Amino acid sequence: TMAQRPGLEVVLAVEPQKKLKKTFATNGATIVLKFTEALKDITDNANTRNQFAVLTNGATNAVTGIALGGSNKEVTLTLTNTVEDGDEVTVAYTK
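Residues numbered from 1 in each chain as written. Predicted model: local features only at pLDDT ≥ 70, side-chain atom pairs only at ≥ 80, totals over all residues. Heavy atoms only, no water.

**Section: the confidence of the model for the chain**
Stage number 1. Residues of the chain with pLDDT of at least 70 account for 72%, and the chain-wide mean is 76.
Stage number 2. The lowest-confidence element of the chain is strand β1 (residues 9-13), averaging 46 in pLDDT; the highest-confidence one is strand β5 (residues 59-60), averaging 94. (pLDDT = per-residue confidence, 0-100. Helix = DSSP H or I, 4+ residues; strand = E, 2+ residues; numbered from the N terminus.)

**A look at the nonpolar core**
Stage number 1. Core analysis: the largest hydrophobic core is formed by 14 residues, its most contacted members being Leu 33, Phe 52, Val 54, Val 75, Leu 77, Leu 79 and Val 91.
Stage number 2. For this core, the secondary structure elements donating two or more residues are β3 (30-35), β4 (52-56), β6 (63-69), β7 (74-79) and β8 (88-93).
Stage number 3. Ignoring any residue separated from it by four or fewer positions in sequence, one finds Phe 52 in contact with Leu 33, Val 63, Ile 66, Val 75, Leu 77, Val 91, Ala 92 and Tyr 93. (Core = buried A, V, L, I, M, F, W, Y, C linked by side-chain atoms within 4.5 Å. Buried < 20%, exposed > 50% of the residue type's maximum accessible area, 1.4 Å probe, protein only. Contact = heavy atoms within 4.5 Å.)

**Things to note about the pairing of β4**
Stage number 1. Side-chain alternation along β4 places Phe 52, Val 54 and Thr 56 on a buried face and Ala 53 and Leu 55 on a face that remains uncovered.
Stage number 2. Pairing analysis gives five bridges linking β4 to β8, with the strands arranged antiparallel. When the sheet's bridge partners are listed, Phe 52 is paired in β8 with Tyr 93.
Stage number 3. Sheet analysis places β4 next to β5, joined by two bridges and oriented antiparallel. Within β5, the position partnered with Leu 55 by the bridge is Thr 60.
Stage number 4. Here β4 folds back onto β5, and the loop between the two strands holds two residues, one of which, Asn 57, carries a positive phi near 55 degrees. (Pairing = 2+ DSSP bridges.)

**Some words on the environment of Ile 42**
Stage number 1. The topology assignment puts Ile 42 in the loop between β3 and α1 (46-50).
Stage number 2. For Ile 42, a relative accessible area of 25% corresponds to the partly exposed category.
Stage number 3. With residues near it in sequence (within four places) discarded, Ile 42 still touches Thr 48, Ile 66, Leu 68 and Val 75.

Set out below in structure tokens:
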């Protein structure tokens with residue numbers, strides 16, 4: 001079950017023209033980024049996954065899957081390693 005994780009700090013750097021809500025959810029292996037505006041379709045391939053850089057406690061946590069949902073206002077990133085309460089997570093997007 002996907003749930004808010006108040007003990008998890010996520011720092012985000014995304015497209016400046018898209019407004020990112022300050023809410024997210026995780027079930028340990030995924031992070032859901034919620035936007036205030038609909039995004040364009042996203043293809044789950046190596047090029048798209050490589051546009052997202054995730055660090056967990058300063059170490060690379062590769063994105064292994066990506067999906068668009070929530071009326072195109074949510075991006076779900078599946079990570080190599082699970083994220084635990086208290087972890088510092090940084091998500092960056094490069095177009």
